[in-house]
Structure formats: structure tokens, C-alpha cells
Amino acid sequence: MSDSERLSGQVVKAQSGFFWVETERGLIRTQIPGRLKQERKGTDIVAVGDYVELDTPDGEHGMIAHVAPRVRVLSRARPAANARQVRHDREQVLVANVDQVVFVLAVKNPQPSLRKLDRFLVVAEQHGIPAIICVNKIDLVPPGSAVAMFDLYARLGYAVIYTSAQRGEGVAALRALLAGKLTVFAGSSGVGKSSLLNAVQPDLGLRVRAVSAATGKGMHTTRFAELIPLDGGGYVADTPGIRGLAIYDVEPAEIDGYFREIAPLVADCRFNDCTHRQETGCAVRRAVEEGSISPARYDSYLRLREEHQLLDDEAFG
Ligand code: GDP
Ligand code: ZN
């Protein structure tokens, strides 16, 4: 033990029970000692993004000695064997210490799904992670029409950037947003995530895509995630779990709290268990009628709530 050295760093890759930590001495492959396994039972002991201390005898391999408290975590309740049921006792951490999430969609080809966007924003709100909406392929529509479609989200306080990976518009702005931060990218396939990342930094999209390809297979048995470093500092994270990230671990009655324009009105509804559907004296419905809440967002709320009520009834009813 005496010739072992204590180093600190951030976990940048996890695979098959090994964790690679970026330290001042370079990348060190570590494992978790049994002692830590005893201490932290309710959550993953170590996840990509964690800041850790480790002991290394040779500067190449090591044992994790301590995991710093996590700031923001992208996680989900661990799905049970029956895919629709959720075990609430254990949290699966996808990425720890996330600074922000970028949700990419295309104005066209494929047609944007505002429902998916709203669902994603609920997840971000639930985890307290700042969300950036990246509207790509603006070269495919007349100037101004993309803004008309998404300005609603800017008015809700979300950062919205408009890009064309093909023409390079908005790429510098995206690069600036990513610098020095740990960012998780999400969005349906075909919206241009790889193209955008390649535009931000040569081969970045290719590296992220390689991680996705590697994780597509056998992801049920092998936990795998990796942070891809940015030239200007910071990381882009990719993990298979992010694509399947559902909000099935949100209580249906909590969903109104994750819609920024709905949340502050809930207290004004006549009934404190108001679902904002049919109830009289509903402040949310009034706001929709008066035009201060967008009908599309209200519709998203109703559908998400309905979806999750069904899941909940199935799982616990
Ligand atoms: P990913 O699946 O989200 O990684 O999407 P890709 O980066 O693979 O892009 C999907 C398709 O959209 C490819 O054919 C790209 O060339 C195209 N594409 C990506 N960005 C843009 C863009 O800004 N404008 C246009 N017109 N096409 C784009
Ligand atoms: Zn109400």
C-alpha cells in the first residue's frame, strides 16, 4: 500500500465493471472495491461523469477510493424484468454531473415531433438539468419559419438555437454552448446529430456514433457509456439509455409541475388534486382559453399524463 498513489479525476468510460478515469497522469483503468459496494446500495456506485479519488500502484490500474457527491444526474428508475414495471428501489445513473442536455430536432425531414420534445423537456425538468433545443436543417425551410415554430420554447425560457449542419449556420453558437461543459445529446435518428457534432469538431459525430454502434448490441448485459472529449474542454456524452429515456418514473400527478407554464398555475385551481382536464375552476384550462398557454403544449400535457396514468395502472394497479 505504501507505494500506492492517490489521484483524483473524472470517470470518462464505463464498461463491464471497469471505469476509466481521466487523471493528471492520464487515463487509469479502475475497479470498485467491495467496501464501496456495501456503502452505496440505492444507486449506481460509480457512473460516467463521477468525480472520484483512486489509488494506483502503477499509474495504469487502480481502485476507486471515494466518489464525490453528484450535482446533476441523468437517471432512471431501473426497469424490472417485466419491461413496463419499474423498481423504484434502485436508480440507474446514465451520466453523473451533467451540465446540460441538447435535444436536436429537424424542422423538416424528419418532421419535428413536438410531443417528443415536450416529453424530453419533462425529463430535463424532472432532473433539474438545463435543456437546449437545437433546431437543425433550417436550410430546408424559408427564413423565419423555423423561429415561428419554436419561439414558443424560447418564451418559456429554454435556450433555442437554429442550425444547419450542412451550411454551417449556428455551428459556432453550438460550439460555444458546449465548451467546457458535460453535455448529453439526444434526438431521433436522422435529425442530424452526427452531422452537427462533426461540424463542431472533426470526427466528433463519428466517435459518438461509434459508441452508439458498440452499445446497440448486448446493452442489456453490458453497461457501457463514454464521454467524448471536446478540443475546447468539456465532453459530449453518449449512452444507450438516453435514447430509451422515458418518463415512466414520474408520477402522473407530478407531470404538471414539469411544464414551466403550467406549474405556477396549479395552486390557483379550485381542487388541489386537479388534473386540468374537466374540472371546474381549473386555472390551467382558463389560461389555455385565454391564450397564455399554447394549445399544443396543453395537448402534450394531457397526452403525457394519460400515457403515464395507463402505465401506472398497469404496473401498480
Ligand atoms: P443523426 O441520425 O441524428 O446522427 O443524423 P445524421 O447526422 O446522420 O443526418 C441524417 C441526414 O440528414 C443525413 O443525410 C445528413 O446529410 C442530413 N442532414 C444533417 N444535417 C442537415 C442539415 O442541416 N440540412 C440538411 N438539409 N440536411 C442535413
Ligand atoms: Zn387545474
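Parameters at a glance
Residues numbered from 1 in each chain as written. Chains lettered and ligands numbered in written order. Predicted model: local features only at pLDDT ≥ 70, side-chain atom pairs only at ≥ 80, totals over all residues. Heavy atoms only, no water. Donors = N, O, S within 2.8 Å, 3.2 Å for Na, K, Ca; no water. Buried < 20%, exposed > 50% of the residue type's maximum accessible area, 1.4 Å probe, protein only. Helix = DSSP H or I, 4+ residues; strand = E, 2+ residues; numbered from the N terminus. Pairing = 2+ DSSP bridges. pLDDT = per-residue confidence, 0-100. Contact = heavy atoms within 4.5 Å.

What about the coordination of the zinc ion (ligand 2)?
Geometry reference: four tetrahedral donors at a metal, ideal angle 109.5 degrees. Six octahedral donors, ideal angles 90 or 180 degrees. Surrounding the zinc ion (ligand 2) are the protein donor atoms C269 (SG), C274 (SG), H276 (ND1) and C282 (SG), at 2.1 to 2.4 Å. Donor residues binding the zinc ion (ligand 2) come from one chain and are separated in sequence as C-x4-C-x1-H-x5-C. As far as the burial class goes, C269 and H276 line up, both buried.

What to know about the pairing of strand β8 (residues 100–106)
Counting buried positions along β8 yields seven of seven residues, so the element is predominantly enclosed. Side chains Q100, V102, V104 and A106 of β8 all project onto a buried face; the interleaved residues V101, F103 and L105 project onto the opposite face, where all are buried too. Judged from the four bridges that link them, β8 and strand β11 (residues 182–186) form a sheet pairing that is parallel. Across the sheet, F103 pairs through a bridge with A186, a residue of β11. One ladder, built from six bridges, connects β8 with strand β9 (residues 131–136); its direction is parallel.

Details of the confidence of the model for the protein
Any residue range with low pLDDT should be treated as having predicted coordinates unsuitable for detailed reading. When the pLDDT values of the protein are averaged, the result is 87; 84% of them are 70 or greater. Below pLDDT 50 for its whole length, residues 218–222 participates in three contacts with residues either more than four positions away or in separate chains.

Observations concerning unusual backbone geometry
A cis amide bond links N109 to the next residue, P110, at an omega of 0°. Here P110 is to be found in the loop between β8 and α2 (114–127). Positive phi outside glycine occurs at S16, with the angle close to 50°. With respect to the helices and strands, S16 occurs in the loop between β1 (5–15) and β2 (18–23). Within the chain, K137 stands out as a residue other than glycine whose phi angle is a positive 65°. Along the chain, K137 falls in the loop between β9 and α3 (145–155).

Details of the environment of E60
Along the polypeptide, E60 turns up in the loop between β4 (51–56) and β5 (61–67). You can call E60 exposed: its relative accessible area is 52%. A sequence separation of 34 residues divides E60 from G26, and the C-alpha atoms of the two residues are 8.5 Å apart. Dropping the residues within four chain positions of it, E60 is found in contact with I28 and R29.

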